[in-house]
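# Examining the three-dimensional arrangement
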Amino acid sequence: MATFRKRSAVTRTLRDLGLPLPGKGAEYDVAGKVVLITGGGDGIGLATARTLHARGATVALIDIDRSALTAAEFVLGRQRVSTLVADVRDRDGMSAAVQEVIERTGRLDVVIANAGVTPPPATLRRIDPAAFDRVIDINLTGVFNTVRPAVDEVIERRGHIVVVSSAAAFAPGLAGASYMISKAAVEQLGRALRLELAGYGASAGVAYFGMVDTQLARATLDDDELGRKLDARLPRPLRRRISAEDAATVIADAIARRAGRTLAPAAWQPWALGRGLVNVFADGYLAADHDCHELIRELEARPATSTAAGSPPSTRKMP
């Protein structure tokens, strides 16, 4: 039995590395299970809800935007769907929301901590401190506030938790350090959680995405001149965007195999796996690059942007 478990762990790890092993490697069926998703009103959250709902799960969507949840209910229908308004920054509010999900459905098996924001481009020198705090509060503390009240129920059900990080966790923090910092911290939260749950028969994993083609991504990278310049600095393969539906399938398949790690698109895998070496060269190159210097000066010459101007709602996600 111990030998079988070790082989299973090795196979799962190889799949987590993106290796195309034969078979699907599915171990966990969401049919009949209850899945809680933060940031569930639109984007990746709603797309994931649709995918898991189609696979037989009951989905509980938490979002700060009531109108988005109403629209989500229309898309998903009333059966096996529950929605709650809550702000992931509100610890007591999230505890109450998680408890209400359990009371409504009788159980909670899977948690997907997806809610997050991307701030307007800014350097650490010029960013509004309140904007920095807001990104950390939503992207990092919001994940803790989501997971903490749910973890005992997940353990009891031998379920699974997904925390949504980003390829930004290991990419250079040019003009978006607060976002990169928050996503690197979420990665560590997810890794710690995986180790803490393993002995109880439950599991956790980290999902990393490169560019996902959402409304927020288009507003940040396409509708802003500096955003277009920053986007153009990535190698072409890394600029390819996947759809929210593609990201949802990645998350759903990761849950099915209890993945400890999943990443899309695949072009980011070499950087993710070799980041210890790649980042030494990437940081050195950018620190010496005059075009990078000019971009920073251009960015810092902009008027300061407050948290009220140009900031997306607090449950929107762009990896």
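Residues numbered from 1 in each chain as written. Predicted model: local features only at pLDDT ≥ 70, side-chain atom pairs only at ≥ 80, totals over all residues. Heavy atoms only, no water.

This next bit is on the side chain of S178. On the secondary structure map, S178 appears in helix α7 (residues 177-198). According to the relative accessible area criterion, S178 is buried, its value standing at 2%. (Helix = DSSP H or I, 4+ residues; strand = E, 2+ residues; numbered from the N terminus. Buried < 20%, exposed > 50% of the residue type's maximum accessible area, 1.4 Å probe, protein only.)

What follows covers the sheet that holds strand β5 (residues 160-164). Strand order across the open sheet formed by seven strands is β3-β2-β1-β4-β5-β6-β9, with parallel pairing between neighbours. Both outer strands of the open sheet, β3 (81-85) and β9 (261-264), are each paired with one neighbouring strand and no more. Sheet twist, expressed as the average angle between the axes of neighbouring strands with direction ignored, equals 15°. Relative to strand β4 (residues 110-113), strand β1 (residues 34-38) is paired through three bridges, and the arrangement is parallel. Counted as the bridge partner of I37 is I112 from β4. (Pairing = 2+ DSSP bridges. Axes fitted to C-alpha atoms, helices over the stretch in contact; angles between N-to-C directions.)

Counting all residues, the mean pLDDT for the protein chain is 87, and 82% of those residues have values of 70 or more. Between residues 307-319, whose pLDDT stays under 50, and residues either more than four places distant or in other chains, the model counts 56 contacts. (pLDDT = per-residue confidence, 0-100. Contact = heavy atoms within 4.5 Å.)

Another point: the environment of G205. Tracing the sequence through the fold places G205 in strand β6 (residues 203-209). Exposure remark for G205: the relative accessible area of 3% places this residue in the buried category. Apart from the residues within four sequence positions on either side, G205 is in contact with H160, I161, V162, V163, A259 and G260.

A pair of packed helices is characterised by two quantities: the angle between their axes and the separation of those axes. Look at helix α2 (residues 43-54) against helix α11 (residues 244-256): their axes get within 8 Å of each other, and the N-to-C directions meet at 55°. With respect to α11, the element α2 is oriented oblique. Note that α2 runs across α11; the crossing there is right-handed. Contacts between α2 and α11 involve G43, I44, A47, T48, T51 and L52 from the first element and A244, E245, A247, A248, T249, I251, A252 and I255 from the second. Within the contact of α2 with α11, the residues separate by chemical class into nine nonpolar, four polar and one charged. (Parallel < 35°, antiparallel > 145°, perpendicular 65-115°, else oblique. Left-handed = near helix turned anticlockwise from the far one by under 90°. Nonpolar A, V, L, I, M, F, W, Y, C, P; charged D, E, K, R; others polar.)

Another aspect to go through is α11. Between the first and last C-alpha of α11 there are 18 Å, a value that for 13 residues agrees with the 18 Å anticipated at 1.5 Å per step. Restricting attention to buried positions, one finds in α11 the residues A244, A247, A248, V250, I251, A252, A254, I255 and A256. In the segment just after α11, R258 is the residue with positive phi, at about 50°. (Expected span 1.5 Å × (residues − 1).)

Before going further, it helps to spend a moment on the side chain of E153. When you line up the elements, E153 lands in helix α6 (residues 151-156). The class of E153 is buried, set by a relative accessible area of 12%. Of note is the side chain of E153, whose polar atom sits 3.4 Å from the backbone nitrogen of L108. Not counting residues up to four positions away in its chain, the partners in contact with E153 are I102, G106, R107 and L108. (Polar contact = N/O pair within 3.5 Å; in protein donor to acceptor, adjacent residues only side chain to side chain.)

Right, let's get into a nonpolar patch on the surface. A contiguous nonpolar surface patch, about 360 Å² in accessible area, is contributed by L277, V280 and F281. Structurally, V280 is set in helix α13 (residues 275-287). (Patch = residues over 30% accessible without salt bridge, like charges linked within 9 Å, V, L, I, M, F, W, Y side chains within 5 Å. Areas by Shrake-Rupley, 256 points an atom, 1.4 Å probe, with all protein chains shown as cover. Salt bridge = Lys/Arg side-chain N within 4 Å of Asp/Glu carboxyl O.)

A separate point is the pairing of β5. The element β5 is extensively covered by neighbouring structure, given that five of its five residues are classed as buried. Residues of β5 alternate between two faces, with H160, V162 and V164 on one and I161 and V163 on the opposite face, all of them buried. The pairing of β4 with β5 spans four bridges and is classified as parallel. Note that in β5 the partner of A113 across the bridge is V163. Here β5 pairs with β6 via five bridges, running parallel. Of the residues in β6, the one forming a bridge with V163 is V206. Between the parallel elements β5 and β6, the chain passes through α7 in a crossover that is right-handed. (Right-handed = clockwise from strand over helix to strand, strands pointing away.)

Before going further, it helps to examine the pattern of salt bridges. The tally for this structure, following the rule as stated, stands at nine salt bridges. D253 is paired through a salt bridge with R55; the nearest N and O atoms lie 2.9 Å apart. You can see D253 sitting in helix α11 and its partner R55 sitting in the loop between α2 and β2 (58-63), a full 198 residues away along the chain. The exposure class assigned to D253 is partly exposed, which follows from its relative accessible area of 34%.

In this model, α2 (twelve residues) spans 17 Å end to end at C-alpha, consistent with the 16 Å of a helix rising 1.5 Å per residue. Among the twelve residues of α2, nine are classified as buried, and the element is accordingly described as predominantly covered. Within α2 the residues assigned to the buried category are I44, G45, L46, A47, T48, A49, T51, L52 and H53. Residue G56 follows α2 closely and has a positive phi angle near 100°.

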